[in-house]
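One letter stands for each residue in the lines below.
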Amino acid sequence: MQRFRGYSGLVNNGSSANICPLSTLNKLKVDDERIHKNSIYVQGFDGRGKDSVGDIVLELTIGIVEFTMEFQVLDVAVSYNLLLGRPLIHAAKAVLSTLYQMVKFEWDRQEIVVHGEDNLCVPNDVIVLFIEFEDDKGP
């Protein structure tokens, strides 16, 4: 089983499936024979859809917890390595925060908190310039 560690994943509570781009499997040199052909059609948020190449079962390590999950394999160009949808969220009984870029869940009586990538977070010392605008029209 291929184990994913250190790969960027996007967590999306609006996705009814876990998605693995074919390019991710190719980079990891996963044998195409592990992909089980199916006839699933995956529709995106933009209304357009794509036929799944197939499905694959992958083992993920999130924090200290290992999950075995099924992914739909799509031949698409994306900016992430895996899209973790509701199947993973429900399996972990996770709570997501898009504001704080984190996922939190309890496992074996221990709270697991996974933070997003540091470069996605806004630094505390951001200076926002404010320019006051005067209206020429008067009172």
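Description of the structure in this document.

**Quick word on the layout of surface pockets**
Considered as a void within the structure, the second largest pocket measures approximately 540 Å³ in volume. The wall of the second largest pocket is formed by 27 residues, among which Ser15, Ile19, Val42, Gln43 and Leu74 lie closest to the centre. Where the lining of the second largest pocket is concerned, the elements lending two or more residues are strand E4 (41-43), strand E5 (49-51) and strand E7 (65-74). With five residues, E7 is the largest single contributor of residues to the lining of the second largest pocket. When its residues are assigned to classes, the lining of the second largest pocket shows 14 nonpolar, nine polar and four charged.

**Some remarks on unusual backbone geometry**
Phi at Lys29 takes a positive value of approximately 60°, unusual for a residue other than glycine. Within the element layout of this structure, Lys29 appears in the loop between helix H1 (22-27) and E4. By relative accessible area, Lys29 is classed as exposed at 74%. The phi dihedral of Arg109 is positive, around 60°, even though this residue is not glycine. By the element assignment, Arg109 lies in the loop between strand E10 (102-107) and strand E11 (110-115). Judged by relative accessible area, which is 82%, Arg109 ranks as exposed.

What counts, and where the lines are drawn
- Residues numbered from 1 in each chain as written.
- Predicted model: local features only at pLDDT ≥ 70, side-chain atom pairs only at ≥ 80, totals over all residues.
- Heavy atoms only, no water.
- 1 Å grid on protein atoms, 1.4 Å probe; cavity = no way out; pocket = protein on both sides within 12 Å on 5 of 7 lines; lining within 4 Å.
- Points joined across faces, edges and corners; volume = space filled by probe spheres on them.
- Helix = DSSP H or I, 4+ residues; strand = E, 2+ residues; numbered from the N terminus.
- Nonpolar A, V, L, I, M, F, W, Y, C, P; charged D, E, K, R; others polar.
- Buried < 20%, exposed > 50% of the residue type's maximum accessible area, 1.4 Å probe, protein only.

Take it as geometry only, folks, not as evidence of what the structure does.
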